[in-house]
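Single-letter residue listing:
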Amino acid sequence: MWARREVRLAPRSRGVHLVTREIVAGVPEIADVRVGLAHLFIRHTSASLALNENASPDVRTDLEEWFGRVVPDGAPFFTHTLEGPDDMPAHVKAVIVGSSLTLPVADGRLDLGTWQGVYLCEHRDHGGPRSLTVTVHGEL
Amino acid sequence: MWARREVRLAPRSRGVHLVTREIVAGVPEIADVRVGLAHLFIRHTSASLALNENASPDVRTDLEEWFGRVVPDGAPFFTHTLEGPDDMPAHVKAVIVGSSLTLPVADGRLDLGTWQGVYLCEHRDHGGPRSLTVTVHGEL
Amino acid sequence: MWARREVRLAPRSRGVHLVTREIVAGVPEIADVRVGLAHLFIRHTSASLALNENASPDVRTDLEEWFGRVVPDGAPFFTHTLEGPDDMPAHVKAVIVGSSLTLPVADGRLDLGTWQGVYLCEHRDHGGPRSLTVTVHGEL
């Protein structure tokens, strides 16, 4: 069984956001899968997807703080600056975090660890809505 | 063909550990697959999975050394500190390394490059045992 | 449907290179898939695969520049130095960027976002040709 859905995430401020529920709500076919995988793919180059702590919001704040220190806005060695000081750092962060996640599906739900949630990492100041392509495949 | 296994990795000290054999031993269904993929997924937010050099142990030592420099324990800008100075750095490292690997399977074995092995990156001082969910699918 | 291909990428200089067309040309089976996934896997430990901006070449130049700053050649804390000052940094970069990409396939083509392209990140000064294993599976 294969299913494919476009999921459009509402615009978010720069930073790290928990979006597990929003994604699951957009992919009803997950409920049909007994054993399988879900592939989440973001169709942009300045936002990324990660999996991490779903409880304390300060983990997400600290992660954004670290990103800003290791890939500083407006770093003098960046030459790709036409789209603003947050653009090239966004590309770097998207490369190191990644554009997709593959997650196990079991008995009709995303089978994550107790503390795991899906993060949208919005690396632009004004990134706008973000489109995901979610592909689910598995056994019914 | 789909198969799903839980693999429990023995507790390890903080650092980078080669676990290819331990994982393969826990997933006998790999032997049945002619062409396919194996998805390795760690169910935790402060340890991660990577693929790299399987020979020199000093590659793993140096990688841990680099992690500690780019994401220092007890960095003053981290606010999520209740679980200790190694906790928030562990979350950051897990995000940049990643929680899963998808690996080719061919003729009944993980089809890695000659020098590639699976790394468990244990980012906590005392992380305990780590659970993986391994999903194998492919043609018999 | 499952297909598997070896794709050999021509040797490239150290840096970040757009290789989408070269990969697609080596995997004709993509054209047969209506809904599915393509798994791109690099069989080396000192080069990596990423997905990012396919237009401005300065994004790729700046990314290489950032890599060199956060993982400097010949850093004094690296002990794995027998293969040269660019070797251990190459392993670190390969771990943080990653060895594989999973990409959606739709209606016979890689279904990337408008601005997305596949990057080969060549982390060695003289890496030579690089081998990929591409696995495509999906519905016809």
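Right above here is the structure, for reference.
Definitions and cut-offs
- Residues numbered from 1 in each chain as written.
- Chains lettered and ligands numbered in written order.
- Predicted model: local features only at pLDDT ≥ 70, side-chain atom pairs only at ≥ 80, totals over all residues.
- Heavy atoms only, no water.
- Axes fitted to C-alpha atoms, helices over the stretch in contact; angles between N-to-C directions.
- Helix = DSSP H or I, 4+ residues; strand = E, 2+ residues; numbered from the N terminus.
- Parallel < 35°, antiparallel > 145°, perpendicular 65-115°, else oblique.
- Left-handed = near helix turned anticlockwise from the far one by under 90°.
- Contact = heavy atoms within 4.5 Å.
- Nonpolar A, V, L, I, M, F, W, Y, C, P; charged D, E, K, R; others polar.
- Expected span 1.5 Å × (residues − 1).
- Buried < 20%, exposed > 50% of the residue type's maximum accessible area, 1.4 Å probe, protein only.
- Least-squares fit on C-alpha atoms with pLDDT ≥ 70 in both.
- Buried area = accessible area lost by both parts, 1.4 Å probe.
- Salt bridge = Lys/Arg side-chain N within 4 Å of Asp/Glu carboxyl O.
- Polar contact = N/O pair within 3.5 Å; in protein donor to acceptor, adjacent residues only side chain to side chain.
- Pairing = 2+ DSSP bridges.

Caption draft 1: Structural detail: the packing of helix α2 (residues 57-70) of chain B against helix α3 (residues 87-97) of chain C. For the pair α2 of chain B and α3 of chain C, interaxial distance at closest approach is 10 Å and the crossing angle is 70°. Considering their axes alone, α2 of chain B and α3 of chain C lie roughly perpendicular with respect to each other. For the pair α2 of chain B and α3 of chain C, the crossing hand works out as right-handed. Side by side, α2 of chain B and α3 of chain C meet where V59, D62, L63, W66 and F67 of chain B of the first sit next to M88, H91, V92, V95 and I96 of chain C of the second. Classifying every residue of the contact of α2 of chain B with α3 of chain C by side-chain character gives eight nonpolar, one polar and one charged.

Caption draft 2: Spatial organisation of helix α2 (residues 57-70) of chain A. Here α2 of chain A contains 14 residues, and its C-alpha end-to-end distance of 21 Å stays within 8% of the 20 Å for a straight helix at 1.5 Å per residue. Along α2 of chain A, the positions that sit buried rather than exposed are V59, R60, D62, L63, E64, W66, F67 and V70 of chain A.

Caption draft 3: Up close: the relation of the copies chain C and chain A. Placing chain C over chain A gives an RMSD of 0.0 Å and needs a rotation angle of 120°, together with 0.0 Å of translation along the axis. Taken together, the rotation and translation relating the two chain copies correspond to the operation of a three-fold axis. Ranked by how close their C-alpha atoms come to the rotation axis, the residues of chain C are headed by I96 of chain C, at 3.3 Å. A different interface surface on each copy is seen, since only 12% of the contact residues of chain C are contact residues in chain A too.

Caption draft 4: View of helix α3 (residues 87-97) of chain A. Residues and elements named next belong to chain A. Extensive coverage of α3 is indicated by the burial of eleven of its eleven residues. Among the residues of α3, those classed as buried are D87, M88, P89, A90, H91, V92, K93, A94, V95, I96 and V97. One or two steps after α3, the chain reaches G98, where phi turns positive at roughly 115°.

Caption draft 5: Geometry of the relation of the copies chain B and chain C. Mapping chain B onto chain C leaves a residual RMSD of 0.0 Å; the transformation is a rotation of 120° accompanied by 0.0 Å of translation along its axis. A share of only 12% of the interface residues of chain B reappears at the interface of chain C, consistent with the copies meeting through non-equivalent patches.

Caption draft 6: A look at the interface of chain C and chain A. Contacts between chain C and chain A engage 32 residues on the former and 26 residues on the latter. The largest per-residue losses of area from chain C upon contact with chain A belong to N52, D62 and W66 of chain C, which jointly make up 24% of the total buried on that side. Taking the shortest distance from any N to any O, the salt bridge between D111 of chain C and R4 of chain A comes out at 2.4 Å. Counting the contacts that link chain C with chain A gives twelve residue pairs in polar contact (both at pLDDT 80 or more). Taken together, the elements giving at least two residues each to the side of chain C that touches chain A come down to β3 (35-42), β4 (47-53), α2 (57-70), α3, β5 (100-106) and β8 (130-139) of chain C. Ranked by residue count, the leading element in the side of chain C that touches chain A is α2 of chain C, at nine residues. Of the residues that constitute the side of chain C that touches chain A, the class distribution is 17 nonpolar, eight polar and seven charged.

Caption draft 7: Representation of the pairing of strand β5 (residues 100-106) of chain A within the structure. All names here are of chain A. Of all seven residues in β5, six are buried, a share of seventy percent or more. By the bridge criterion, two bridges tie β5 to strand β6 (residues 109-110) in an arrangement that is antiparallel. What sits directly across from A106, in β6, is R109. Between the end of β5 and the start of β6, which pair antiparallel, lie two residues, with D107 showing a positive phi angle near 50°.

Caption draft 8: Local environment of the pattern of salt bridges. All names here are of chain B. Taken as a whole, this structure holds 42 salt bridges over all chains when the rule is applied. Put simply, E64 and R14 hold a salt bridge, and the shortest N to O gap is 3.2 Å. With E64 in helix α2 and R14 in the loop between β1 (2-9) and β2 (15-18), this pair connects stretches of sequence that are 50 residues apart. Judged by relative accessible area, E64 falls into the buried class, the value being 17%. We classify R14 as partly exposed; its relative accessible area is 22%.

Caption draft 9: A look at the sheet that holds strand β3 (residues 35-42) of chain A. Residue and element names in this part refer to chain A. Pairing in this open sheet of five strands is antiparallel, and the strands run β1-β8-β3-β5-β6 from one edge to the other. With partners counted over all chains shown, the strands left at the sheet margins are β1 (2-9) and β6, one partner each. Inspection of the sheet shows β1 paired to strand β8 (residues 130-139) by eight bridges, in the antiparallel sense. Of the residues in β8, the one forming a bridge with W2 is H137.

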